[in-house]
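# Survey of secondary and tertiary structure
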Amino acid sequence: MGLQACLLGLFALILSGKCSYSPEPDQRRTLPPGWVSLGRADPEEELSLTFALRQQNLERLSELVQAVSDPNSPQYGKYLTLENVADLVRPSPLTLHTVQKWLLAAGAQKCHSVITQDFLTCWLSIRQAELLLPGAEFHHYVGGPTETHVVRSPRPYQLPQALAPHVDFVGGLHRFPPTSSLRQRPEPQVTGTVGLHLGVTPSVIRKRYNLTSQDVGSGTSNNSQACAQFLEQYFHDSDLAQFMRLFGGNFAHQASVTRVVGQQGRGRAGIEASLDVQYLMSAGANISTWVYSSPGRHEGQEPFLQWLMLLSNESALPHVHTVSYGDEEDSLSSAYIQRVNTELMKAAARGLTLLFASGDSGAGCWSVSGRHQFRPTFPASSPYVTTVGGTSFQEPFLITNEIVDYISGGGFSNVFPRPSYQEEAVAKFLSSSPHLPPSSYFNASGRAYPDVAALSDGYWVVSNRVPIPWVSGTSASTPVFGGLLSLINEHRILSGRPPLGFLNPRLYQQHGAGLFDVTHGCHASCLDEEVEGQGFCSGPGWDPVTGWGTPNFPALLKTLLNP
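Residues numbered from 1 in each chain as written. Predicted model: local features only at pLDDT ≥ 70, side-chain atom pairs only at ≥ 80, totals over all residues. Heavy atoms only, no water.

An unreviewed UniProt entry lists the protein under the name Tripeptidyl-peptidase 1, with Papio anubis given as the organism. Here is the UniProt Catalytic activity (unreviewed entry) comment for the protein, exactly as written: "Release of an N-terminal tripeptide from a polypeptide, but also has endopeptidase activity." The UniProt entry for the protein carries the following comment under Subunit (unreviewed entry): "Monomer. Interacts with CLN5. Interacts with CLN3." (UniProt positions renumbered as here; feature names shortened; annotations may be inferred.)

What follows is the structure, given as structure tokens:
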């Protein structure tokens, strides 16, 4: 009876709005550029909301990630299964019971959980959702390059105070789908064409990074890789086939995706989706490839959150995942950013290699209390992912040394402290860089990124059967680096070793062995009198523009093959 009375009290709290709290008071709710409101949603319309339930044993999870990812640890490579992770982080019985009863009392239907039981996605009418979450007021919005429709609340929501120990946040209220920063740059001007390349293609990448025609997947191991897209963009099989006909003639490759997770739209192909698939499958040639295609298509869902839930609901996953999604740290609530970081930690514990693009805004810039500061992005700033920056050829039409691509995202997190694995490298950079911006522009004690880099400038992509030149962004460098790590995993798996898993502890211990150090160039930042548009500059060793550098495949394979 005591529990029933408690639950009746919870429902009374919903209706009265008293004794409530805001889980995400710091979540930005301003409308992103290019989005417009279409007015209030119909009260009888249905939407889905995702409830992130409070997890357990997160300190222990962090310790296990360190143990399985550190080559000096006896636990190195002994990754957890999804079931092991579930046993560790599963919410307490009290949390599960309290939240389920609260939702049931509010009329939530068709609630679905995941194997780890730390997310619940439920369908409710708008009327029920606004009763359940006092303060929320749902509107229809349309925006983005593909005229995407979403349902969101411009007002903050409240939860009963009694749920504070049990719910981290509710997804599907505030955050809008991201937009691509990929761009097509003007063609560089050049005179004479002897010995020149006319843009980055798989053969240019393979030549620059020293891959031979033999450096492809065997087609016999259980190795696989994946890219994830959240932009309401789709790739077309016909584009991939044409791309491989045009550019894949000198190496063994697969001309079709093994598995699509999510719905593939019937509309026009998107350049970013096409780029991801084409360069992951040409760098990681002849390796089975999955595509996560805009999971979370319903108007109320957050695609990135849906992808994280998919990872928590499938025991057998590709070993390498490349993702080109990012948001400014300051646009996200503390509850959301910390919980997403935990989801990335869960993936690391399972031995998944997650590569995220560092972004295309250099150091970024925003104004805080009238003063400019650099603007880090997330998940690039998560300590549990490997972040990939961007480079250009020193001579645009020659396969030469690489320099900084000025758009390459990088900097220091304002949320996450510097992890121990990068302490030495970052301290060395801060003490030795001759071009350090003023200290008021960045948080020198934060997680520093990127970790590595690859070419991000001047790619050829086939989209809607048309070859498109000069496509640029770290959305290009990320799948290239991911594909090369998949080739290294192939060697490790065939020789009886575990896949690479979370790479950063090993990467920093080995001081960038197997990578070309990029030592020239600076990325963009605030256009003001103090820094004059210049952020950080690259130099010898690690730097927050290109990380440890770009891949020299034979040397990187040798470095990462054992143990």
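Parsing the protein into structural domains produces domain 1 (21-54 + 89-169) and domain 2 (200-559). The interface is formed by 29 residues belonging to domain 1 together with 26 residues belonging to domain 2. For the domain 1 face of the interface with domain 2, the top three residues by lost area are Arg-28, Phe-119 and Phe-169, together amounting to 25%. Where domain 1 packs against domain 2, one counts four salt bridges. Where domain 1 touches domain 2, the interface holds twelve residue pairs in polar contact (both at pLDDT 80 or more). Contributions of two or more residues to the side of domain 1 that touches domain 2 are made by strand 3 (46-53), strand 5 (119-125), strand 7 (148-152) and strand 9 (167-171). Each residue belonging to the side of domain 1 that touches domain 2 can be placed in one class, and the counts come to eleven nonpolar, ten polar and eight charged. (Domains from an automatic or database assignment. Contact = heavy atoms within 4.5 Å. Buried area = accessible area lost by both parts, 1.4 Å probe. Salt bridge = Lys/Arg side-chain N within 4 Å of Asp/Glu carboxyl O. Polar contact = N/O pair within 3.5 Å; in protein donor to acceptor, adjacent residues only side chain to side chain. Helix = DSSP H or I, 4+ residues; strand = E, 2+ residues; numbered from the N terminus. Nonpolar A, V, L, I, M, F, W, Y, C, P; charged D, E, K, R; others polar.)

Applying the stated criterion across every chain yields a total of three disulfides. Note on cysteine connectivity: Cys-365 is disulfide-linked to Cys-526, with sulfurs 2.1 Å apart. Across the S-S bond of Cys-365 and Cys-526 the torsion is about 110 degrees, and the bridge reads as right-handed. Taken together, the residues span a long stretch of sequence, with Cys-365 in the loop between strand 16 (353-357) and strand 17 (366-368) and Cys-526 in the loop between strand 28 (522-524) and strand 29 (534-537) at a distance of 161 residues. (Disulfide = S-S within 2.5 Å.)

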